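# Structure at a glance
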Amino acid sequence: MAECHPVGFQWVMEAKARGAKVFHVDPRFTRTSALADSYLPIRAGSDIVLLGALINHVLGNGLDFREYVLAYTNAATIVSEDFRDTEDLDGLFSGFDPETRTYDPASWSYEDGAGGEADERGESARRQTEAAGAERFGAGGAGAHPAPRTDPTLTHPRCVYQILKRHFARYTPELVERLCGIPETDFAELAEAITANSGRERTTVWVYSVGWTQHTVGAQYIRTASILQLLLGNMGRPGGGILALRGHASIQGSTDIPTLFNLLPGYLSMPHAHRHEGLDDYLEREGGETGFWGNRRSYLVSLLKAWWGEAATEENDFCFDYLPRLTGDHGHYTTVMGQIDGTVKGYFVTGENPAVGSSGGRAQRLGLANLDWLVVRDLTLVETATFWRDGPELETGELRTEDIATEVFFLPAASHVEKEGTFTNTQRLLQWREKALDPPGDCRSDLWFYYHLGKRIRQRLTGDEIDRPLRELTWDYPEEGEHAEPSAAAVLREIGGVGPDGRALSAYTQLRPDGSTRCGCWIYCGVYADEVNQAARRRPGREQSPAALEWGWAWPANRRILYNRASADPEGRPWSERKAYLWWDAERGEWTGHDVPDFEKGKPPGYLPPEGAKAEDALAGTDPFIMQSDGKGWLFAPAGLADGPMPAHYEPHESPLHNPLYHQQANPARRIYHRPESPYNPPESPRFPYVLTTYRLTEHHTAGAMSRPLAYLAELQPELFCEVSPQLAAEVGLANGGWATIVTSRAVIEARVLVTGRVRPLRVQDRVIHQVGLPYHWGWGSGGLVTGDVTNDLLPIVLDPNVYIQESKAMTCHVRPGRRPRGRALLDLVEEYRYG
Amino acid sequence: MAERMGFFTDTSVCIGCKACEVACKEWNELPDDGFVFEATSYDNTGALGASTWRHVAFIEQTRAVRVDGHEEDVDRWLMSSDVCKHCTHAACLDVCPTGALFRTEFDTVVVQPDVCNGCGYCVPACPYGVIDRRQDDGRAWKCTMCYDRQLGGLEPACAKACPTDSIQFGPLDELRERAAARLAGLHADGHTEARLYGESPDDGVGGAGAFFLLLDEPEVYGLPPDPVVTTRDLPSMWRWAGAAAVSLAGAVAVAFLESRVRR
């Protein structure tokens, strides 16, 4: 965190100054480790073992926050008789189809309610999750029975609590030492600290970034942390939670108003060509009817009204048919394979540099070279725009400029200080920023580009039916200045929503399913409340409460801690004075406290839903997790995940070790591409004995296009280097300051050598495992004052099945002393390694 | 003269982000130092110099520490942002023949580039090796404690950019109090190796205007353990020289008189 989020790390330092104990778990000793109270070196790719052992420690010793767990989680819920665990099936959960390598999650569901009647909602949940995957879900996820059978004594062998207990029983401190390389004493210190600092009086927070997500089991890493935090009662409370640090400014915003292929704004899923016939059919299939997702018709209809205005009517399904449809996986890596295969002809790349920044750089560039046209918008001439004249494949002779037919359009972009708009940070906080100066020359904002591109396309539209969706689209923002810049504030207001009277709305609870409200993103509803740009508020923290409700605006409805109902006990009293945050004021009949309640303000703790209630009415006054169909925190996910209802340890796709827990070596549902452009290192291969992990440095930003051209940053980290332990340096003959050649089945790169005691060999499964660390900021171009080989060329293209993120934190490699060969000899070396 | 202003750099909370180095160069429009991979931890700018007025040192240590009765190797990565000390007794200022170096109303020491003639006397005079001449124009350059920003009522760029308040700027007296409290806190928490460096008015430079909290011996950070203003002996040297001149003149006179007498 100190490495990649130094500004955010100041708050960790503040907490430390107030007595918080800081642990840092990382394959390398980093700048964060230097400031932590305790550092735990870990083998990359083994975190579920560590977190699972913490869960086992909590469950085995009865250290869970029982009152919280009973009231607010699904611990007591009884699961279907048909469910089988990985512990029964040697690493597979029930429902796995080896042909398609996907799960049918039907057997993971809750046991049917009284009488076992075939429940409509359960059925709908099952249908949604047939072959679950990234293209199947919005964040609404699947619905589950709102009132399942439970055993409050937590002794029923099929209740979630007992299932968890059995599932994690093998995740012991000894296993942590044997698989992660963390000594038992260090583990004991961590386990003691997190349990001692959880409960009524105290909370523990976990902070993660892509070190947890970029794995073939990435989503399950976060699930494991979620289970632990729910068991310890650390969700929805001040000083608790699981904080996801984002890699760029407004990456949170780019999933809220998504640049992802499978989502519409506000985590509504993108309709599927073959599964969603019309609006009603889509809404029925997209989740349960209880909890706040039960109002998704209001959210979607308001979105369609924002986009198609008067043209969207009840009669035409509010233009639902105008939305594009998915036909399958259209994620980044599948798109690249489509380029190589010639099925993808054109490509817009904005603010991204896949030729350097994505896994399997060679495959990326082969894809780019096979396009008809390519549009690149960026601050500098990035490698993705110049690969055809200076890419590494020209040097090796694999590509020749004269053979590349791709027509490349490079459009210079305005930087963040040259345009106005909002950033949404990891805390869901929208902060408006003013324009500091005009962009130079032809540089334009992205907003300008898409708006004017849309206008030009609309000028060319015909009266044909196929053009109707674009013809009827609302595309009329006020224009400002000599370049006719569309008003960012007007766009934000449209996102924030307006009511029947045309006035800005103040919260998503005002959205209606009848077409009378318009809102570009339901979770952002209220960002323009009272016709004021709420995101632009800048009242200093010292002039207001610690929750700082008047600094910027947080979605939803300016709530700063999600699910904050859980900060009070079931009766609505704070768990302790020390941790008081939100409580029920019986006299006034409302929730009150330091934050905006993430709960219906007037719903008393004693509220019980009537039979057949829908949406939020179906949740009791003690159900804090209001987006879930049962209002509970899910220790066990009966639906919604592609690779199991609970996390299990699998080795990374490329690992030097076998999985000692199960016969199943790696995540059975991971997404694999068997492609010659990007082959894999075999598991447990003696040719690739070392663990490779990649990361960023404080001094640079991602693929370097924003930092390598800047002298003051480039001089601080001028060359690509690999970090190795003194022991590994001795083993392969590397000298500090010299050169190393790093090899995988995909590529060979060279890097300077930094020998450091901060990288430690780990004793894992009775052998010594060496880890090699590589930052990935270098490339051959981008106007860089410093250049270097492309680390990501080394990486495999293998993905998590839930969100299709690549596994870029744990791979295997080999390291040799000296510089890499050039030209044809380089390809020969890769061949030699690939085939042994 | 206004209150004496200074820096307190608390290295125990430095995260090595180098924001101070970058902010300093941005504000003062300094040139880069070249793009050389030094293979010395994460430090590629090496030392303070004519174009690097803040420099973050990275020191990797593996130390044997007694934990629960047995020896254990514990890694430490010390980071420290170094800067001109703005000495109470500043030798650079003493030796400057043109008056380019002067003491400001904030009691800081600043070079005026339009007066500096590049003689370089200040360079060997500095006991810390801070001030340096730039190869291309020959003139001497160093930290001004952002004199221009201070005149505008702003804190120096490095302190402004520091995310963890490792670099604190303020009235020196106040900083000394804050540092003493911080040191006491660290000592109470068992960090007995923590110490202040340059805060004492009794040291060889009369106390630094920019002082530090360190977690190890000064030498570990590349700092002189007992710096002394190099012009300390100048007054006595001049006295000796004066006496020598007088006695020499006397001897000459005596010799002259003697010769006259002899004649």
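All figures in this text were calculated on a predicted structure; none of them were measured in a lab. (Residues numbered from 1 in each chain as written. Chains lettered and ligands numbered in written order. Predicted model: local features only at pLDDT ≥ 70, side-chain atom pairs only at ≥ 80, totals over all residues.)

Further remarks concern the overall build of chain B. Within chain B one finds 7 helices and 10 strands. Principal axes of the C-alpha set define a box for chain B whose edges measure 90 × 50 × 40 Å. In chain B, the share of contacts with a sequence separation of at least 24, taken over all contacts with a separation of at least 6, comes to 62%. (Helix = DSSP H or I, 4+ residues; strand = E, 2+ residues; numbered from the N terminus. Contact = placed C-beta atoms within 7 Å.)

If you tally the helices and strands in chain A, you get 24 helices and 28 strands. Taken against the 2.2 N^0.38 rule, which gives 28 Å for 836 residues, the C-alpha radius of gyration of chain A at 27 Å falls within 12% of a compact globule. By principal-axis analysis of the C-alpha atoms, chain A measures approximately 75 × 70 × 55 Å. Across the 836 residues that make up chain A, the buried fraction comes to 53%. Long-range pairs, those at least 24 residues apart, make up 70% of the contacts in chain A with a sequence separation of at least 6. (Rg over C-alpha atoms; globule rule 2.2 N^0.38 Å. Buried ≥ 20, exposed ≤ 12 C-beta atoms within 10 Å, placed from the backbone.)

The interface is formed by 32 residues belonging to chain A together with 26 residues belonging to chain B. Ranked by residue count, the leading element in the side of chain A that touches chain B is helix α22 (residues 711-714) of chain A, at 4 residues. Looking at the side of chain A that touches chain B, its residues break down into 19 nonpolar, 7 polar and 6 charged. (Nonpolar A, V, L, I, M, F, W, Y, C, P; charged D, E, K, R; others polar.)

Turning our attention to the packing of helix α14 (residues 332-341) of chain A against helix α16 (residues 361-368) of chain A. All names here are of chain A. The geometry of α14 relative to α16 is characterised by a closest axis approach of 7 Å and an angle of 50° between their N-to-C directions. Between α14 and α16, the interaxial angle falls into the category oblique. Note on packing geometry: the crossing formed by α14 with α16 is left-handed. Each of Val336, Gln339 and Ile340 in α14 lies in contact with α16, whose residues at this interface are Ala363, Gln364, Leu366, Gly367 and Leu368. Taken together, the residues of the contact of α14 with α16 sort by class into 5 nonpolar, 3 polar and no charged. (Axes fitted to C-alpha atoms, helices over the stretch in contact; angles between N-to-C directions. Parallel < 35°, antiparallel > 145°, perpendicular 65-115°, else oblique. Left-handed = near helix turned anticlockwise from the far one by under 90°.)

Residues and elements named next belong to chain A. With 5 bridges connecting them, strand β9 (residues 346-350) and strand β10 (residues 373-378) associate as parallel partners. Of the residues in β10, the one forming a bridge with Tyr347 is Leu374. For β10 and strand β11 (residues 407-412), the ladder comprises 6 bridges, and the chain directions are parallel. Note on β11: the bridge partner recorded for Arg377 is Leu411. (Pairing = 2+ DSSP bridges.)

Our next topic: the sheet that holds strand β1 (residues 5-10) of chain B. Residue and element names in this part refer to chain B. Read from one edge of the open sheet, 4 strands run β8-β1-β10-β9, paired in mixed fashion. At either margin of the open sheet sits one strand with a lone partner, and together these are β8 (167-171) and β9 (195-197). Shown here is a sheet whose adjacent strand axes are inclined to one another by a mean of 20°, direction ignored. With 5 bridges joining them, β1 and β8 adopt antiparallel strand pairing. Pairing of Phe8 across the sheet is with Gln168, part of β8. Here helix α6 (residues 172-188) sits on the sheet and contacts β1, β8, β9 and β10 (210-214); the angle it forms with β8, its principal contact strand, is near 135°.

Here we come to the nonpolar core. Counting residues in hydrophobic clusters, the biggest one holds 168 residues, and the most contacted among them are Leu50 and Ile55 of chain A together with Cys92 of chain B. Of the residues forming this core, the biggest block, 9 residues, is contributed by helix α3 (residues 47-60) of chain A. Beyond its immediate chain neighbours, meaning those up to four positions away, Cys92 of chain B contacts Leu101, Val109, Cys122, Ala125, Cys126 and Ile131 of chain B. (Core = buried A, V, L, I, M, F, W, Y, C linked by C-beta atoms within 7 Å.)

The next point concerns the sheet that holds β11 of chain A. All names here are of chain A. With parallel pairing, 3 strands are arranged side by side in an open sheet as β9-β10-β11. The outermost strands of the open sheet, each flanked by one partner alone, are β9 and β11. Here the strands of the sheet are splayed against their neighbours by 10° on average, with no regard to which way each runs.

With that out of the way, let us pick up the environment of Trp780 of chain A. All names here are of chain A. You can see Trp780 is positioned in the loop between β26 (771-775) and β27 (798-799). For the pair formed by Trp780 and Asp378, sequence separation is 402 residues and the distance between their alpha carbons is 16 Å. Each residue touching Trp780, except ones within four places of it in the same chain, is listed here: Glu383, Asp390, Pro392 and Thr787.

Take the packing of helix α7 (residues 173-180) of chain A against helix α8 (residues 184-196) of chain A next. Residue and element names in this part refer to chain A. Running from N to C, α7 and α8 point in directions that differ by 120°, and their axes come no closer than 9 Å. Of the possible angle classes, the one that applies to α7 and α8 is oblique. In the packing of α7 onto α8, the handedness of the crossing is right-handed. Listed contacts from α8 to Pro173, Glu174, Val176 and Glu177 of α7 are Glu184, Phe187 and Ala188. A breakdown of the residues in the contact of α7 with α8 according to their chemical character gives 4 nonpolar, no polar and 3 charged.

This part is about unusual backbone geometry. Residues and elements named next belong to chain A. Residue Pro556 is bonded to the preceding Trp555 through a cis peptide linkage, with omega at -10°. With respect to the helices, strands and loops of the structure, Pro556 is situated in the loop between β16 (553-554) and β17 (582-585). Even without a glycine there, the phi angle at Asn558 is positive, about 65°. Here Asn558 shows up in the loop between β16 and β17. The exposure class assigned to Asn558 is buried, which follows from the 23 C-beta atoms found within 10 Å. Backbone geometry at Ser782 places phi at a positive 60°, although glycine is not the residue there.

Moving on, we come to the confidence of the model for chain B. When pLDDT drops low, the exact placement of atoms in the prediction is not to be read closely. For chain B, mean pLDDT is 92; residues scoring 70 or higher make up 94% of the total. Predicted complex metrics record ipTM = 0.91 and pTM = 0.94. (pLDDT = per-residue confidence, 0-100.)

In this section: helix α21 (residues 488-496) of chain A. Residues and elements named next belong to chain A. Turning to α21, its buried residues are Ala488, Leu492, Glu494, Ile495 and Gly496. Those residues of α21 that are buried are in contact with α13 (296-308), β12 (421-424) and α19 (446-459). At the C-terminal side of α21, Gly497 shows a positive phi close to 95°.

Here we take up the pairing of strand β23 (residues 748-755) of chain A. Residue and element names in this part refer to chain A. With 6 of its 8 residues buried, β23 lies for the most part within the structure. Of the strand pairs in this sheet, strand β21 (residues 721-724) and β23 are connected by 4 bridges, and their pairing is parallel. Residue pairing for β23: Phe721 is matched across the bridge by Arg752. When strand β22 (residues 739-743) meets β23, the two strands line up antiparallel, connected through 5 bridges.

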